[in-house]
Amino acid sequence: MDGTVLVADDDRTIRTVLTQALTRAGCRVHATGSMATLMRWVEDGRGDAVISDVVMPDGNGLEALPQIAKLRPNLPVIVISAQNTIMTAIQAAEAEAFDYLPKPFDLPDLMKRTAQALDRKRVKARSPDTETAKRADVATELPLVGRTPAMQDLYRLVARVLNVDLPVLITGESGTGKSLIAQALHDFSDRREAPFVVATPDDLIPSDGVNEVARRAGSGTILFDGVGDLDAEAQARLSRLLDHLGQGGPRVLAISQGDLAKASAQGRFRDDLYYRLAGVMIPVPSLRERLEDIPALAQHFLARAARDGLAERRFSAEATERLRAYPWPGNVRELENIVTRLVVTGGEDEINTAEVDVALGARGGARGGARSANAIQPLDHTDERLTDAVARHLQRYFDLHGGALPPAGVYQRILREIELPLIEIALDATGGNQAKCADLLGINRNTLRKKITELGIEVTRRRKLM
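All values reported here derive from a predicted model rather than from experimental measurement.

Caption draft 1: The overall build of the protein chain, seen in detail. A count of helical and extended segments in the protein chain gives 20 helices and 14 strands. The buried share of the protein chain, taken over its 466 residues, is 50%. A separation of at least 24 residues holds for 72% of the contacts in the protein chain among residues at least 6 apart in sequence. If you sum the accessible surface of the protein chain, you get close to 22,400 Å²; carbon and sulfur atoms cover 50% of it.

As structure tokens, this is what we get:
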């Protein structure tokens, strides 16, 4: 490597490590803990590349990017940040940083990117988006947080394709947040002021040669969810709809839980439709692939519940470990539901392992998934009465408190524990049809809807189309 690198970070250790590594690689290094000093060096014409932290005592690395671009249009800037959210990656991309890496960073990776920065000229930055601050508030509501490599790769990919006029196919297991990625692709793009339309099965039926969904979307975005479940007829309809989307029409996003490439190879999905939808592939990792993000996600959901007016609670260290040990068949959506229920049903400030065990035990029983070591186990005898099973569950719940009484409000908490799997299983049995589910349960449909909202249950209709 050859060139001068400006390093700005208020952490003395990071400055020392980067200075030593870059010097050994043949670079000249100027390091500072002050944004003002960095900007003075840039204005004086020093440096061939910049490595800058975001949050500095006297400034912000992201906010300085437009000024750096104005002073030195061809100076590449690599942003490093401990703020490991999708908004950080998006802001860095929009301000046309050369690259973005989360802290803690991989030193060899940063060295490789620095070498690339020294070898390439940076494209002149465009004016900063005046809506960025407002959209940052929206981003805080998205559970797209985490510092694992899998999530950082996802952030960078989303940021890079925000305004690329190619269709995007988002894949991943149920509950991983695919619809959130789709929403982010619209909300943070240049199309954000135009409509965001989620297509329904009826939208696949052309009318008067131009499909109604295209008219509703205008120059915005259309999302087709569950494309992997479309039968042959629905695939043909979708293909015809895409034929009507000409230049200047809406951007197309699609979501699939299954592997469309494999389905296409096996003849279960039209090749032409697959290639039309998969202009860019965004695979969303399962929660099992990013266990290190569970504490941050749990904290995110606790904070959001507090902002919504619910109790402020926190997880004990042991309870957090219990969450990390669970296999999470329902991914982030399941984690969100459980955290919200623990906030609603608990009485103490701290969430302990006993509460988590009960929540995970009930959840695992409803879904048939694996359980944590202390969770309630499945029935050993198929002829055991429900009353006996509930009695065993309650006795175990009281025993887990080691002779002390559980938090007050046991009656309502237990009712919710029974309601949740009952409604989930009934919805599953009726294919997500809420009218049929209400009839099956013998309750009013409005009551069912209220329970679905209170318990945080996500309803998905199982239909051949979409």
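Caption draft 2: Looking closely at the environment of Leu110. The residue Leu110 is located in helix α5 (residues 107-119) in this model. Look at Leu110 and you get buried, because its relative accessible area is 1%. Taking C-alpha positions, Leu110 is 9.6 Å from Asp99, a pair spaced 11 residues apart along the chain. Excluding residues within four positions of it along the chain, Leu110 makes contact with Leu18, Ile51, Ile78, Leu101 and Phe105.

Caption draft 3: Just the nonpolar core, in detail. Ile170, Ile181, Leu185, Ile282, Phe315 and Trp328 are the most contacted members of the largest nonpolar core, which totals 69 residues. Ignoring any residue separated from it by four or fewer positions in sequence, one finds Leu185 in contact with Val158, Val161, Leu162, Val168, Ile170, Arg251, Leu253 and Ile282.

Caption draft 4: Expanded view of the pairing of strand β2 (residues 28-32). Looking at chain direction, strand β1 (residues 4-8) and β2 are connected through 5 bridges and run parallel. When the bridges of β2 are listed, Thr4 appears paired with Arg28. Once the chain exits β1 it traverses helix α1 (residues 12-24) before rejoining the sheet at β2, and the crossover so formed is right-handed.

Caption draft 5: Expanded view of the sheet that holds strand β7 (residues 99-102). Pairing within the open sheet is parallel, and its 5 strands lie in the order β2-β1-β3-β6-β7. Strands with a single pairing partner mark the edges of an open sheet, and in this sheet they are β2 and β7. On average, each strand axis in the sheet is inclined to that of its neighbour by 15 degrees, with strand direction left out of account.

Caption draft 6: A look at helix α13 (residues 294-307). Across its 14 residues, α13 extends 20 Å between first and last C-alpha, which sits within 8% of the 20 Å expected from 1.5 Å per residue. Every buried residue of α13 is accounted for by Ile294, Leu297, Ala298, His300, Phe301, Leu302, Arg304 and Ala305. Buried residues along α13 sit in contact with β13 (314-315), α14 (317-325), α15 (331-345) and β14 (350-351). Downstream of α13 by one or two residues, Gly309 has phi in the positive range, about 95 degrees.

Caption draft 7: Broad picture of the pattern of salt bridges. Per the stated rule, a full pass over the model turns up 21 salt bridges. Of the charged contacts in the structure, one is a salt bridge between Glu419 and Lys451, with a shortest N-O distance of 3.0 Å. Within this pair, whereas Glu419 is found in helix α18 (residues 410-429), its partner Lys451 is found in helix α20 (residues 445-455), the two being separated by 32 residues in sequence. Look at Lys451 and you get partly exposed, because its relative accessible area is 22%.

Caption draft 8: Just the packing of helix α19 (residues 434-441) against α20, in detail. Where α19 contacts α20, the two axes come as close as 9 Å, and the packing angle between them is 105 degrees. With respect to each other, α19 and α20 are oriented roughly perpendicular. Contacts between α19 and α20 involve Gln434, Ala435, Cys437, Ala438 and Leu441 from the first element and Arg445, Leu448, Arg449 and Ile452 from the second.

Caption draft 9: Layout of the side chain of Thr32. With respect to the helices and strands, Thr32 occurs in strand β2. Among all residues touching Thr32, those that are not within four sequence positions of it are Val7, Ala8, Asp9, Arg15, Thr37, Leu38, Trp41 and Met56.

Caption draft 10: Just the sheet that holds strand β8 (residues 168-171), in detail. As summarised here, the arrangement of the 5 strands in space is β9-β10-β11-β8-β12, forming an open sheet in which the pairing is parallel. The open sheet has two free edges, formed respectively by β9 (196-198) and β12 (280-283), since each of these has just one partner strand. Here the strands of the sheet are splayed against their neighbours by 20 degrees on average, with no regard to which way each runs. Where β9 and strand β10 (residues 221-224) come together, 3 bridges link them in parallel fashion. Paired with Val197 across the strands is Ile222, a residue of β10. Of the strands in this sheet, β11 (251-256) and β12 touch helix α7 (residues 149-161), which is tilted by about 150 degrees from β12. Packed on one face of the sheet, helix α8 (residues 178-187) meets β8, β9, β10, β11 and β12 and runs near 170 degrees to β11.

Caption draft 11: Fine view of the environment of Ser239. Looking at the element boundaries, Ser239 is found in helix α10 (residues 232-243). Between the C-alpha atom of Ser239 and that of Arg270, which follows or precedes it by 31 residues, the distance is 9.0 Å. Non-local contacts of Ser239, meaning those with residues more than four positions away in its chain, are made with Arg270, Asp272, Leu273 and Arg276.

Definitions and limits used
- Within every chain, residues take consecutive numbers counted from 1 along the sequence as written.
- For a predicted model such as this one, the threshold for reporting local features is a pLDDT of at least 70, and the threshold for listing and counting side-chain atom pairs is 80 or more; totals across whole chains, interfaces and linings nevertheless cover every residue.
- The basis for every side-chain value is the complete set of heavy atoms in the structure, and neither hydrogens nor water enter the calculation.
- Counting from the N terminus, the helices are the DSSP runs of H or I reaching at least four residues and the strands are the DSSP runs of E reaching at least two.
- Partly exposed describes any residue whose relative accessible area lies between the buried limit of under 20% and the exposed limit of over 50%, with all areas from a 1.4 Å probe on protein chains only and scaled to the type maximum.
- Here, residues are in contact when the closest pair of their heavy atoms is within 4.5 Å.
- Surface accessibility follows the Shrake-Rupley procedure with a 1.4 Å probe radius. Residue values consider only the protein chains on display as shielding.
- Take the buried Ala, Val, Leu, Ile, Met, Phe, Trp, Tyr and Cys residues and link them wherever side-chain atoms come within 4.5 Å; each set so joined is a nonpolar core.
- At least two DSSP bridges between two strands are required for those strands to pair.
- Handedness of a crossover: with both strands directed away from the viewer, a clockwise path from the first strand across the helix to the second marks it as right-handed.
- For helices, the fitted line uses only the C-alpha atoms of the stretch in contact; every axis is such a line through C-alpha atoms, and the angle between N-to-C directions lies from 0 to 180 degrees.
- Residue count minus one, scaled by 1.5 Å, sets the expected span of a helix.
- Salt bridges, as used here, are contacts in which a Lys or Arg side-chain nitrogen is within 4 Å of a carboxyl oxygen on Asp or Glu.
- Angular relationships are summarised with four words: roughly parallel below 35 degrees, roughly antiparallel beyond 145, roughly perpendicular across 65 to 115, and oblique for the angles in between.

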